[in-house]
Amino acid sequence: MYRNSPVAAEAAAIKIVLDVTRLVREGKLTPEQAEQLTSLATRDLGLVAINILMSFGAIAVAAGILALNPTFATAAAIGVALAGLAVSFGAAERWRVPGTVGTVVGALLLSGGVIGVLDGGVAALVFAAVLLLVLAVTIRSNFLMALVPLAAAGALGGSTGYFHATYMLIVREPAITIVFFALLASVAYLVGNRVGPAYEGLAVVAARMSLIFANFGFWVGSLWGDHPGESWALGETDSWTDREAWEKSALHLPDWVFTAAWALLAIGVGVWAARTNRRWVVTTAATFFAINFYTQWFERLGDEPWALITAGLTILAIAVGLWRYNAAPAADASSSGTDA
């Protein structure tokens, strides 16, 4: 879809991967043009590296302060102070970077403090999500925007865990998680098409993170099925009698429903993304389709050698298909240049 207005055209950010060395060798770029493109790419890469360092540094500072065991209320107060101070400093260009760092640290402290005071309740996680969203838009922070879906997932009962050499992903409400994050991704996509370049990137981050969480919901649902609303209806009860009684009268979505819907949606979204030249979405759809395939394959067939070989060949076929898809634009451009 092409948007004809000048503002919309400026908002359409396109990232292109070029092998400038090969293009110079083929005579399609002059050395001067290649040097200019390389310098621009180096600058962008440097900004990415700085942002990554700032993000990890902010996390370390916030975690360190919380590890000093202040009361959560004190941590929340510090967070409010740092966030407000940073935003005020951000008004001047020379204070922009310190202001951004301070706001990120303050947001993490305040979020962690409120979550601690309210014992990780839904209200605390909703507050954290709203706070992170507001500050992300205020300072245009992709990092804070990426944390918004994380906080929202926590409000829906999602979490992660770790013990020795084992990582866990917990999704307590697969169906609700899928619906919520599918809607959130759609809203972010629509908003991204209607805002200026300064905020389009934030919408893209929100949409991508939401798409990943929706796939996580499908993944867990494809293994266990789901009784929507179970975690809220039963709370923290450990009574199997109460749980079984509730499940008998509740709506049940079997695991095969999630498996089939996941596969069909991955194919459908992948086709749409390919037609609209959204490569990240194509890659994500293919990746989670492969995860679905591997999960169901080994859940049902185990780790027999022939199963491993067949699964490996199937994934290689998907990889080759992705390679051909990514190579097609370059081939088309090369052919077009020859004809000219």
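Just so it is clear, the structure is predicted and the values come from calculations on it, not from any experiment.

Chemist: Describe the packing of helix α9 (residues 197–224) against helix α12 (residues 255–275), naming the residues involved and giving the relevant values.
Modeler: The axes of two packed helices give the description: the angle between them and the distance between them. Following both chains from N to C, one finds α9 and α12 inclined at 145 degrees, their axes separated by 6 Å at the closest point. Handedness of the α9/α12 crossing: left-handed. Here Asn215, Gly217, Phe218, Trp219, Gly221, Ser222, Leu223 and Trp224 of α9 lie close against α12, whose contacting residues are Asp255, Phe258, Thr259, Ala261, Trp262 and Leu265. Here the contact of α9 with α12 is composed, by residue class, of eight nonpolar, five polar and one charged.

Chemist: Residues and numbers for the environment of asparagine 292, please.
Modeler: Secondary-structure assignment places asparagine 292 in helix α13 (residues 279–301). Given a relative accessible area of 4%, asparagine 292 falls into the buried group. Distance in space between the C-alpha atoms of asparagine 292 and leucine 223 is 9.9 Å, their sequence separation being 69 residues. If we ignore the near neighbours within four places in the chain, the residues touching asparagine 292 are Thr259, Trp262 and Ala263.

Chemist: An account of the confidence of the model for the chain is needed here, citing residue identities and associated values.
Modeler: Confidence along the chain averages 76 in pLDDT terms, with 68% of residues attaining 70 or more. For the chain, per-element mean pLDDT is lowest for helix α1 (residues 6–11), which scores 34, and highest for helix α8 (residues 174–192), which scores 93. For the stretch residues 1–13, pLDDT sits under 50, and the model shows 10 contacts to residues farther than four places along the chain or on other chains. Confidence drops under a pLDDT of 50 for residues 336–340, and excluding neighbours within four residues, the segment shows zero contacts in the predicted structure.

Chemist: With reference to specific residues and values, describe the nonpolar core.
Modeler: Of all hydrophobic cores here, the largest spans 26 residues; its most connected members are Leu132, Leu135, Leu144 and Met145. At the level of secondary structure, the elements contributing two or more residues to this core comprise α4 (72–89), α5 (96–117), α6 (122–139), α7 (142–155) and α9. Once residues within four sequence positions are removed from consideration, leucine 132 is found in contact with Ala107, Ser111, Leu144, Leu147, Val148 and Ala151.

Chemist: Any chance you could break down the environment of proline 228 for me, citing the residues and the numbers?
Modeler: Secondary-structure assignment places proline 228 in the loop between α9 and α10 (230–234). Placed 25 residues apart in sequence, proline 228 and leucine 253 show a C-alpha to C-alpha distance of 8.0 Å.

Definitions and limits used
Residues numbered from 1 in each chain as written. Predicted model: local features only at pLDDT ≥ 70, side-chain atom pairs only at ≥ 80, totals over all residues. Heavy atoms only, no water. Axes fitted to C-alpha atoms, helices over the stretch in contact; angles between N-to-C directions. Helix = DSSP H or I, 4+ residues; strand = E, 2+ residues; numbered from the N terminus. Left-handed = near helix turned anticlockwise from the far one by under 90°. Contact = heavy atoms within 4.5 Å. Nonpolar A, V, L, I, M, F, W, Y, C, P; charged D, E, K, R; others polar. Buried < 20%, exposed > 50% of the residue type's maximum accessible area, 1.4 Å probe, protein only. pLDDT = per-residue confidence, 0-100. Core = buried A, V, L, I, M, F, W, Y, C linked by side-chain atoms within 4.5 Å.

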